[in-house]
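Each chain is listed here by its residues.
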Amino acid sequence: MRVALLLVRFAAAVVGDERYREQWEADVVGARELGMSPLKVALGALVAVVAIPSKGTVMVPVGPLAIALKHARTPRGRVLVIAVVSALLLLGGVVMLFA
């Protein structure tokens with residue numbers, strides 16, 4: 001459930017709208033009651049990020065997101081993929097560091 005909530009918060013940060021974060025977090029929390037996987041609901045929010053039109057909001061680049069924002073003129077889906085892959089690589093490095 002924590003991973004799903006982190007994904008939803010990341011997706012809402014990409015969109016830059018607080019109401020999406022609240023709605024998506026509620027969807028993730030209530031997913032089990034409906035017999036759904038919270039992780040699949042969170043992945044659905046990531047897919048929605050690609051479909052939501054950009055408002056031209058500016059975010060302070062931090063970590064993997066900074067790498068993705070270097071490619072800001074590329075489509076949002078590609079930026080999201082770059083950010084996710086970068087985060088996974090970073091997570092893999094942290095895991096290997098403590099293994």
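Since the model is a prediction, treat every value here as computed from it, not as a measurement.

Conventions and cut-offs
- Residues numbered from 1 in each chain as written.
- Predicted model: local features only at pLDDT ≥ 70, side-chain atom pairs only at ≥ 80, totals over all residues.
- Heavy atoms only, no water.
- Core = buried A, V, L, I, M, F, W, Y, C linked by side-chain atoms within 4.5 Å.
- Buried < 20%, exposed > 50% of the residue type's maximum accessible area, 1.4 Å probe, protein only.
- Helix = DSSP H or I, 4+ residues; strand = E, 2+ residues; numbered from the N terminus.
- Contact = heavy atoms within 4.5 Å.
- Phe/Tyr/Trp six-rings, centres within 6.5 Å; stacked < 30°, edge-to-face > 60°.
- Lys NZ or Arg CZ within 6 Å of the ring centre and 35° of its normal.
- Axes fitted to C-alpha atoms, helices over the stretch in contact; angles between N-to-C directions.
- Parallel < 35°, antiparallel > 145°, perpendicular 65-115°, else oblique.
- Left-handed = near helix turned anticlockwise from the far one by under 90°.
- Nonpolar A, V, L, I, M, F, W, Y, C, P; charged D, E, K, R; others polar.

Trainee: Outline the nonpolar core, supporting the account with residue identities and numerical values.
Mentor: One finds Val8, Val15, Trp24, Val28 and Val49 to be the most contacted residues of the largest nonpolar core, which totals 18 residues. At the level of secondary structure, the elements contributing two or more residues to this core comprise helix 1 (2-15), helix 2 (18-30) and helix 3 (38-51). With seven residues, the top contributor of residues to this core is helix 1. Apart from the residues lying within four places of it in its own chain, the contact partners of valine 8 are Arg21, Trp24, Glu25, Val28, Ala42 and Ala45.

Trainee: So what's going on with the packing of aromatic side chains? Which residues, and what values?
Mentor: As enumerated under the stated definition, the model contains one aromatic pair in all. Looking at arginine 19, its charged tip hangs above the ring of tyrosine 20, at a distance of 4.8 Å from the centre.

Trainee: I'd like a rundown of the side chain of glutamate 25, residues and numbers included.
Mentor: Structurally, glutamate 25 is set in helix 2. Under the relative-accessibility criterion, glutamate 25 is labelled buried at 14%. If sequence neighbours within four positions are ignored, glutamate 25 has contacts with Leu5, Val8 and Arg9.

Trainee: Lay out the packing of helix 3 against helix 5 (residues 76-98) with the relevant residues and their values.
Mentor: Contact geometry for helix 3 and helix 5: axes closest at 8 Å, N-to-C directions at 140 degrees. By the angle between their axes, helix 3 is oblique relative to helix 5. Seen from above, helix 3 lies across helix 5 with right-handed handedness. Touching Leu46, Val49 and Val50 of helix 3 are Arg76, Gly77 and Leu80, all from helix 5. Of the residues in the contact of helix 3 with helix 5, the class split is four nonpolar, one polar and one charged.

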